[in-house]
Amino acid sequence: MIFSPLDKTKINSRLLHKILIIPTLAFVIFLIWLSLPRPLFNDPLTTVLLDHDGNLLGAKIAADQQWRFPESEEIPEKFQKAIINYEDRWFRFHPGFNPVASFRAARLNISRGRIVSGGSTITMQVVRLARKNRKRTIPEKIWETILAYRLELTHTKADILRLYASHAPFGGNVVGLEAASWRYFGVDAKNLSWAEAATLAVLPNSPGLIYPGRNPQRLLAKRNSLLETLYRHGVIDAVACELAKSERLPGKPYTLPQLAPHLLAHAVSDGRRGEKIVSSLDISLQRRVSDILGNLSPQLNANGIWNAAALVIEVNTGKTLAYVGNLPRTDSHDRGNDVDIVTAPRSTGSILKPFLYAAALNDGLLLPNTLVADIPTQIGGFAPENYNLTYDGAVPASRALARSLNIPAVKMLQTYGYEQFYSLLKKAGLTTLEKPAGHYGLALILGGAEATLWDIAGVYASMARNLNNYNAGKANDRSGFDSPHYLADDKKIKSIKTGKSALFDVGSTWLTFDAMLEVARPGEELLWRQFSSSHRIAWKTGTSFGNRDAWSVGVTPEYVVAVWVGNASGEGRPGLTGIGVAAPALFNIFRALPATTWFRMPAGAMMQVNVCRYSGYRASSICEFSDSVWIPKSGAKTAPCPFHQLIHLDKTGQWQVTSACESPENMLHVPWFVLPPVQEWYFRNKNPFYKVLPPFRQGCDAGNERRNMEIIYPKHNSILYIPVDLDGKPGSAVFRAAHRDVTLTVYWYLDDNYIGSTRQIHQMALSPDCGIHRLTLTDQNGERITIVFEVVSEKKE
């Protein structure tokens, strides 16, 4: 066959069209493939906080003021069946659009002359939601159909249904099934009844018109019609249908739970905004702890105390089981109730003392019952006082901890070194020590620094965990320190770097917890120990200067409970003490916890030694009474008892003698427990067993063998500031001394001028002029002691 040039041109044109149509179609398909938004939805989300079982603890509304929960992982079966039967019966079978429904909708729209039915499938509605509900036109409808088919190619039916349930409007500012379930019924979506599921299934179709609370009859009719449909299709039986139709419609939307608002805010600040956060909290315990603090609120408020916080940590996992950041607001006044006290730096009071005690044991600086001085003390310009303003002279270290005595704690820190203790606290996880060690000085142990309840609870939990791990054979005697956490899916708690080894050996930790058992519970004193049903709890309280912060922390092998009470503003109040207001809450929380056990002694990390019963030091050869006790292995390097001395008496045992006045064969060599004069002065009044040294027999010179007198205040080379009285006259300072022999008179000289004498109680009010002075004291036996001090007109910093 012969083609003309014109025919050839036509053939070539057709071939060209056929050749071009293939890439054109491919390009169109490619554009359609890319036409879906990625991601489909990019709206701001509500931050949702759940407990470890998925129960709702609280939620923070999205940035656009919509209650839009993060996408659900699965849709409850009741809602699936209700929404499919209401919106799209053939959802499981069509490819994204339903030709029959589309034809029916087109015919209806043509007959009415306007769009009255869209024939939209659930898939098409997902597309329309993703495209922000553009104007309903025929071209838009065609495009939605194409995109619905495209969506079906890359998403499962379950995915599409999940997208619809998560982003469908449910009236007002409620978006998505999860938010609607809580706002309208106060329950999780998985707990919806058939009536509730049917009510929510009919809402997205016209959420503005039948928003709960409006047009209730129309909403009721739609819900009941859907329930009848479910019955006809065999989804529910007749009884279930009638019972469902008898249920009431929702009224005013529920307020979402706010059981842990401060933890929710904490999670948002951690960068978890818009997430569904599954926490480690237990909703029942969270409610119980909140109620315990709330029940104390009226009593606290009556005293002008408005804030409190509590934590419960599971020791072995580091999980936070309860997190109450503050008391709820009770009136219109701003009481600081929005402040998260758990993470707010507060003055520590005495709550750090157990760490110092453990550190001193760990370093072999003392044994559990080593005597520590408890006497009037002035170190530079620092003059610590015990809370009860009394002195014991000397007190076992463990008792000093149990009684929270300030002066022995300062003495221990002076020996340990505040720089070293500062470093230890930072390694342990205290994140609020932002100034150098010298800024805090010795006041570090008495509340001179700030810490958070979170950090404090974390250190105590780490100590307990290390002890548990050792006893379970999971670690050596120096495991690391770890911070607590609040996420349920944290497989491993975050470890804090501590260098070559951890801070305390487990023997020191066990002895510290053992000493903390001795504190009396509020209102019960030591009687609580008689009840076998009571928990054995190592616990400590703390009260900051000015009664601004009240702390209480308790530890068992299973739990750490930490409580803070006070005012977020820092205002102090009378009676705001750890023992008075924080400890009762602590023990009420422990009563709400399952029964606990007690720590097993880590015998492998300890050793038995004989210690002097009176001094608590390792027993020397002349100690009269000794006891076998368990100590950390590091305690083997501690010195033997320095207080037992061998004294020489005459044959009657009534007088001390020397070789200058008595032959050695006529002497009795007797071991005697002897404290320094000032310690003895206070110690003997509280310890009846203490025997004062016999005096030297007349004619026997004591020489320099033993000092019997000591000046308590002021110390040698100290600087005194003596203020002027209100009447303008020079003020005075009380100078004090101690003497072993209460029968002797002490003569006082200021700058070599005799100013008076004292007997038994040796103190004198003096008003020296500004300048350097010399104070001399002499007793009847001629013993003499002299110190130098300076008086200034203005207090030197």
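Residues numbered from 1 in each chain as written. Predicted model: local features only at pLDDT ≥ 70, side-chain atom pairs only at ≥ 80, totals over all residues. Heavy atoms only, no water.

(A) Inspection of the packing of helix H4 (residues 122–130) against helix H6 (residues 157–167) at higher detail. Here H4 crosses H6 at 50 degrees, and the two axes come no closer than 9 Å. Between H4 and H6, the angle falls in the class oblique. The hand of the H4/H6 crossing is left-handed. On H6, the residues touching Ile-122, Thr-123, Gln-125, Val-126 and Leu-129 of H4 are Ile-160, Leu-161, Leu-163, Tyr-164 and His-167. Residue classes in the contact of H4 with H6 are distributed as seven nonpolar, three polar and no charged. (Axes fitted to C-alpha atoms, helices over the stretch in contact; angles between N-to-C directions. Helix = DSSP H or I, 4+ residues; strand = E, 2+ residues; numbered from the N terminus. Parallel < 35°, antiparallel > 145°, perpendicular 65-115°, else oblique. Left-handed = near helix turned anticlockwise from the far one by under 90°. Contact = heavy atoms within 4.5 Å. Nonpolar A, V, L, I, M, F, W, Y, C, P; charged D, E, K, R; others polar.)

(B) Molecular detail of the packing of helix H8 (residues 194–202) against helix H9 (residues 216–232). Look at H8 against H9: their axes get within 9 Å of each other, and the N-to-C directions meet at 115 degrees. For the crossing formed where H8 meets H9, the hand is right-handed. Packed against H8, whose contacting residues are Trp-194, Ala-195, Ala-198, Thr-199, Ala-201 and Val-202, the element H9 presents Leu-219, Lys-222, Arg-223, Leu-226, Leu-227 and Leu-230 at the interface. Broken down by class, the residue content of the contact of H8 with H9 amounts to nine nonpolar, one polar and two charged.

(C) Summary view of the sheet that holds strand E23 (residues 733–739). Ordered in space as E21-E23-E26, the three strands form an open sheet in which the pairing is antiparallel. One side of each edge strand has no neighbouring strand; the edge strands of this open sheet are strand E21 (709–713) and strand E26 (762–766). Pairwise comparison of adjacent strand axes, ignoring direction, gives a mean angle of 20 degrees for this sheet. Taken together, the five bridges between E23 and E26 define a ladder with antiparallel strand orientation. The residue bridging Arg-736 from the neighbouring strand is Gln-763, located in E26. (Pairing = 2+ DSSP bridges.)

(D) Examining the side chain of Asp-340 more closely. Positionally, Asp-340 belongs in the loop between strand E7 (320–324) and strand E8 (346–347). Notably, Asp-340 is buried but unbridged: the nearest opposite-charge side chain belongs to Arg-346, and the N-O separation is 11 Å. For Asp-340, the side chain forms a polar contact with the main-chain nitrogen of Val-342, separated by 3.1 Å. Ignoring sequence-local partners within four residues, the contact set of Asp-340 consists of His-262, His-266, Tyr-323 and Gly-325. (Buried < 20%, exposed > 50% of the residue type's maximum accessible area, 1.4 Å probe, protein only. Lys, Arg positive; Asp, Glu negative; His and termini not counted. Salt bridge = Lys/Arg side-chain N within 4 Å of Asp/Glu carboxyl O. Polar contact = N/O pair within 3.5 Å; in protein donor to acceptor, adjacent residues only side chain to side chain.)

(E) Looking closely at the side chain of Lys-353. Checked against the element boundaries, Lys-353 lands in helix H13 (residues 353–362). With no salt bridge to any partner, buried Lys-353 finds its closest opposite charge in Asp-374, at an N-O distance of 9.8 Å. A polar contact of 3.5 Å, which involves the side chain of Lys-353, links it to the backbone oxygen of Leu-405. Setting aside residues up to four positions removed in sequence, Lys-353 forms contacts with Leu-401, Ser-404, Leu-405, Asn-406, Ala-409, Ile-445, Leu-446 and Lys-540.

(F) How the structure looks around the packing of aromatic side chains. For the structure shown, the criterion picks out 22 aromatic pairs. Seen in terms of ring centroids, Trp-539 and Phe-587 are 4.8 Å apart; in terms of plane orientation they differ by 80 degrees. Their pairing is edge-to-face. Here the residue Trp-539 occupies a position in strand E14 (residues 538–543), and Phe-587 occupies one in helix H20 (residues 578–592), the gap between them amounting to 48 residues. Accessibility classification places Trp-539 together with Phe-587 in one group, the buried group. Taken together, the ring pairs connect Tyr-614, Tyr-617, Phe-625, Phe-643, Phe-673, Phe-683, Phe-689 and Tyr-690 into an aromatic cluster. Against the face of Trp-90 rests Arg-89, its NZ or CZ located 5.7 Å from the ring centre. (Phe/Tyr/Trp six-rings, centres within 6.5 Å; stacked < 30°, edge-to-face > 60°. Lys NZ or Arg CZ within 6 Å of the ring centre and 35° of its normal.)

(G) Broad picture of the confidence of the model for the chain. Per-residue confidence for the chain gives a mean pLDDT of 87, with 86% of residues at or over 70. The low-confidence segment residues 494–500, where pLDDT is below 50, has 13 contacts with residues more than four positions distant or belonging to other chains. Here residues 524–533 scores under 50 on pLDDT; set against residues more than four positions off or in separate chains, the count is eleven contacts. (pLDDT = per-residue confidence, 0-100.)

(H) A look at helix H11 (residues 261–272). Its twelve residues give H11 an end-to-end C-alpha distance of only 14 Å, which falls more than 12% under 16 Å, the value for a rise of 1.5 Å per residue. His-262, Leu-263, Leu-264, His-266, Ala-267 and Val-268 are the residues of H11 that are buried. Elements in contact with the buried residues of H11: strand E1 (47–50), strand E2 (56–60), strand E5 (276–278) and E7. At the C-terminal side of H11, Gly-274 shows a positive phi close to 80 degrees. (Expected span 1.5 Å × (residues − 1).)

(I) Molecular detail of the nonpolar core. Core analysis: the biggest nonpolar cluster contains 81 residues, and Phe-355, Phe-421, Tyr-460 and Phe-513 have the highest contact counts within it. Per element, the largest residue contribution to this core is ten residues, and it comes from helix H18 (residues 453–471). Every residue in contact with Phe-421, bar those within four places of it in the chain, is listed here: Leu-352, Phe-355, Leu-356, Leu-413, Tyr-416, Leu-444 and Ile-445. With 54 residues, the next largest nonpolar core counts Ala-130, Tyr-164, Ala-198 and Ile-236 among its residues. (Core = buried A, V, L, I, M, F, W, Y, C linked by side-chain atoms within 4.5 Å.)

(J) Inspection of the pairing of E2 at higher detail. For E2, the buried fraction is high: four of the five residues fall into the buried class. Where E1 hands over to E2, the hairpin turn is made up of five residues, of which Gly-54 adopts a positive phi near 90 degrees.

(K) Highlighting the pairing of strand E9 (residues 371–374). The alternating pattern of E9 places Leu-371 and Ala-373 and Val-372 and Asp-374 on opposite faces, both of which are buried. Note: E9 against strand E10 (residues 393–396), four bridges, orientation antiparallel. Among the inter-strand pairings, Leu-371 is bridged to a residue of E10, identified as Pro-396.

(L) Representation of the pattern of salt bridges in the model. One pass over the full model with this rule turns up 23 salt bridges. Where Asp-752 meets Arg-774, a salt bridge forms, and the shortest distance between an N and an O atom there is 2.3 Å. Placement of the pair is Asp-752 in the loop between strand E24 (745–750) and strand E25 (753–759) and Arg-774 in strand E27 (residues 771–779), with a sequence separation of 22 residues. By relative accessible area, Asp-752 is classed as partly exposed at 49%. In the salt-bridge network here, residues are joined through shared partners; they are Glu-71, Asp-159 and Arg-162.

(M) Seen up close, the sheet that holds E5. With mixed pairing, three strands are arranged side by side in an open sheet as E2-E1-E5. What marks the edges here is a single partner per strand, and that holds for E2 and E5. The mean angle between the axes of side-by-side strands here comes to 15 degrees, regardless of whether they run parallel or antiparallel. By the bridge criterion, three bridges tie E1 to E5 in an arrangement that is parallel. In the strand pairing of E5, Leu-50 is matched with Val-278.

(N) Layout of the environment of Val-410. Relative to the elements of secondary structure, Val-410 occurs in helix H15 (residues 406–416). Taking the C-alpha atoms as reference, Val-410 lies 10.0 Å from Val-372; in sequence the two are 38 residues apart.

(O) Expanded view of the state of the cysteines. Under the criterion given, the structure shown has one disulfide. Each disulfide pairs two cysteine sulfurs, and for Cys-661 the partner residue is Cys-700, the sulfurs being separated by 1.6 Å. Every disulfide takes its handedness from the sign of the S-S torsion; for Cys-661 and Cys-700 that torsion is 105 degrees, giving right-handed. Here the residue Cys-661 occupies a position in the loop between strand E19 (644–649) and strand E20 (668–673), and Cys-700 occupies one in the loop between helix H21 (677–686) and E21, the gap between them amounting to 39 residues. Free of any disulfide, Cys-623 has its nearest neighbouring cysteine sulfur in Cys-612, separated by 3.6 Å. Free cysteine Cys-641: the closest other cysteine sulfur is in Cys-623, separated by 4.0 Å. (Disulfide = S-S within 2.5 Å.)

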